[in-house]
Protein chains: 2
Amino acid sequence: MSITIEDISKQLQISVSTVSKALNGYKDVSPKTRDLVVTTAKELGYQPNMAARNLRRGRTDKIGLLINNSIQYVSEYLGEVISGLALTAEEQGSNILLYTAVTEKSDILAICRNREVDGLIVIWSDVTDGTIDLIHSEGIPFVVYGRRVESDEISYVAPDNYNGALVVTQHLIELGHEKIAFTTRPELGTTNEDRFAGYTDALIDAGIPIRPEYIIETKIESGSGYKAMQELLRLPDRPTALFAIHDLLAVGAMRCAQEQGLNIPVDIAIAGFDGLLPSMTTKSEITTVKQPLQDMAQKSMEMLLSRIDQGSTEAKQITYPTELIIRAST
Amino acid sequence: MSITIEDISKQLQISVSTVSKALNGYKDVSPKTRDLVVTTAKELGYQPNMAARNLRRGRTDKIGLLINNSIQYVSEYLGEVISGLALTAEEQGSNILLYTAVTEKSDILAICRNREVDGLIVIWSDVTDGTIDLIHSEGIPFVVYGRRVESDEISYVAPDNYNGALVVTQHLIELGHEKIAFTTRPELGTTNEDRFAGYTDALIDAGIPIRPEYIIETKIESGSGYKAMQELLRLPDRPTALFAIHDLLAVGAMRCAQEQGLNIPVDIAIAGFDGLLPSMTTKSEITTVKQPLQDMAQKSMEMLLSRIDQGSTEAKQITYPTELIIRAST
DNA sequence: TTCACGACCGAAAACGATTTCGGTAAAATA
DNA sequence: TATTTTACCGAAATCGTTTTCGGTCGTGAA
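Just so it is clear, the model here is predicted, and its values are computed rather than measured.

Another aspect to go through is the packing of aromatic side chains. Residues and elements named next belong to chain A. This structure, assessed with the given rule, holds 10 aromatic pairs over all chains. Ring geometry for Phe-182 versus Phe-243: centroids 5.1 Å apart, planes at 45°, classification tilted. With Phe-182 in strand E6 (residues 180–184) and Phe-243 in strand E8 (residues 241–244), the pair connects residues that are 61 residues apart, well separated along the chain. This pair shows no difference in class: Phe-182 is buried, exactly as Phe-243 is. Chaining the aromatic ring pairs together yields one cluster made of Phe-182, Phe-196, Tyr-199, Phe-243 and Phe-273. The cationic tip of Arg-195 hangs over the ring face of Phe-273; the distance from NZ or CZ to the ring centre is 3.7 Å.

Residues and elements named next belong to chain A. Taking 1.5 Å as the rise per residue, helix H11 (residues 247–259) with 13 residues should run 18 Å; its terminal C-alpha atoms sit 18 Å apart, in good agreement. Counting buried residues in H11 gives 10 out of 13 residues, a clear majority hidden from the surface. Within the span of H11, buried status applies to Asp-247, Leu-249, Ala-250, Val-251, Gly-252, Ala-253, Met-254, Cys-256, Ala-257 and Gln-258. Along its buried surface, H11 packs onto E6, helix H10 (224–233), E8, strand E9 (269–271) and strand E10 (288–290). Where H11 ends, the next residue or the one after it, Gly-261, has phi of about 80°, a positive value.

All right, on to the sheet that holds strand E4 (residues 142–145) of chain A then. Strand pairing in a sheet takes place through backbone hydrogen bonds and is either antiparallel or parallel in direction. Taken in spatial order, the 12 strands line up as E11(A)-E5(A)-E4(A)-E3(A)-E1(A)-E2(A)-E2(B)-E1(B)-E3(B)-E4(B)-E5(B)-E11(B) in an open sheet, and their pairing is mixed. Two strands in the sheet have a free side with no partner beyond their single neighbour: strand E11 (317–320) of chain A together with strand E11 (317–320) of chain B. Strand-to-strand twist in this sheet, taken as the mean axis angle between neighbours without regard to direction, amounts to 20°. With two bridges joining them, strand E4 (residues 142–145) of chain B and strand E5 (residues 156–159) of chain B adopt parallel strand pairing. Residue B:Val144 lies in a different strand from E5(B), and its bridge partner there is B:Tyr156. Packing against the sheet, helix H7 (residues 131–138) of chain B makes contact with strand E1 (62–67), strand E3 (119–123) and E4 of chain B, and its axis sits at approximately 160° to E4(B).

Quick notes on the rules
Residues numbered from 1 in each chain as written. Chains lettered and ligands numbered in written order. Predicted model: local features only at pLDDT ≥ 70, side-chain atom pairs only at ≥ 80, totals over all residues. Heavy atoms only, no water. Phe/Tyr/Trp six-rings, centres within 6.5 Å; stacked < 30°, edge-to-face > 60°. Helix = DSSP H or I, 4+ residues; strand = E, 2+ residues; numbered from the N terminus. Buried < 20%, exposed > 50% of the residue type's maximum accessible area, 1.4 Å probe, protein only. Lys NZ or Arg CZ within 6 Å of the ring centre and 35° of its normal. Expected span 1.5 Å × (residues − 1). Contact = heavy atoms within 4.5 Å. Pairing = 2+ DSSP bridges. Axes fitted to C-alpha atoms, helices over the stretch in contact; angles between N-to-C directions.

In structure tokens, the structure reads:
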């Protein structure tokens, strides 16, 4: 059995209340007994039982990280985000509890109600399934990470998808491209909308007409980037550039183009979005728009924690600027 | 306030004991009242308070994931490992609690003693700091992930570093190389030893002498792969191949060689280890030895959970085969 | 009819902390 | 000296479960 507060109280012939108070910095305990308690606690190697403390305090100092498993390229994304979240949480005395295999709505209800966490960071790409509204209706503090949410009652931290898409498209235009294709991904919801809007606005601003045949809708499945490029290359009037809505699609498209013997970026320029794939070599790097994943992680965690501490309920919505990274592919 | 077991007991005019027993599948409650309890619990949206349950049961159904933050390329490694761990944990009704910013030994003691988790998965690259022994002496169930440990009292799941290094070196030899360099990383401890042993044994088996000037010791810092290659290229008798102890070093070395105008793999072949960098394009891929991160994660979690359930204390040590992935760099 | 035995239920004791509330003694004030 | 304040401490309630231990009631067997 571990050492409890009672062990200390017995050894010192002092009540448990006093021991607890001494350990927790209450004022109504003399310096002498406080020292005594603290030193013997250290001696015995006492560590408070968290379950008991949580029960009594009605707080767990834990933040749940809710991730839907249908997220694409979880691995690349996750590592950076998680380490950012965990670090700032732990700085403020909280830990992160992972919920990755949540599929049922009842599980989400359980998480919200069982008081296992003080709040949630939600990374959820599915838009249509009402999960976020469900969480919101439960009243647990939470912040949505990485995605804009329509409702203004909900806090989120998201990259500036519109501007990022605008800038990268302008970059392609500046390179002389006018036939610029774009791959969409409707499941991404607001993210898709914003990046698409950035793309079209850049074209419109430059007086370039938008050609529907250059806009390819992709699905969540591997090889969809490859297929999209195949489709584009079949066109009688091929595009000279592609802006893929995210890097994995760009990579697939690149592979397809290379296999067709095309020279990148001479025959076709390719840009992506997200910027999480590490650049492996100096060659073959892909132009992209980089999200500040770490900063966003830190910010969202700070927002959540301060909201929990202050019990405030007002929603904050923050957008982070993105960074255009120009590499060999354009 | 949330719904408690007492709310149900009041509404049904039944004792809390019976409610609890009905909910937990005890036999000494009639089917009728059981149904009644279960349905009204669902009606009221009852979810058990975890802190209370944990306190009473002396168990939390949580697994701590202890990661030392000095791990190199955490992000790439982490994502895949964590999702593997979390998935198998959640399948068995446990969740993962993250400890990433642990630096003090006292923090580790706190984790072991505060009963916040039932066990630990330890990902700790530092060998010399005695952390693992400390955890072991605390008696909490734990499994070391990704690394062989000397002591046979400690459970671990590790890749077969020796064989992986042996095979990749043999691969280089088969390609006709005899001047094969190797970059070491002493901080990696047993991992370093095993890969080094694989390298030397492959050379010895082939009757190739081991040349000390081809063995470069690298430190934990970015650019060390680049520097190692610089050093090698300064040699009067340059090596024709390099086996880097991990991929990041290989990437750095590759970049250096390319900048020097060398053709890979004609002028110099390069192989790495780990296989976690995603292959971005068909070109510029790097030969490597892939660790089965996901399988190892699943296995280590299963080992830990069964050990917790059965209270067994015997240590299991499992080594996973690696896979040689031959790509363009050799 | 009596006794034993299940089936079913409730009271109450944990689990280990926090926190309120009151009480005693010493110190300060009148 | 009498009274109030202050400093310090302890008893006990509380958080929401789980689990042990009896107790009651009805049914079957003797």
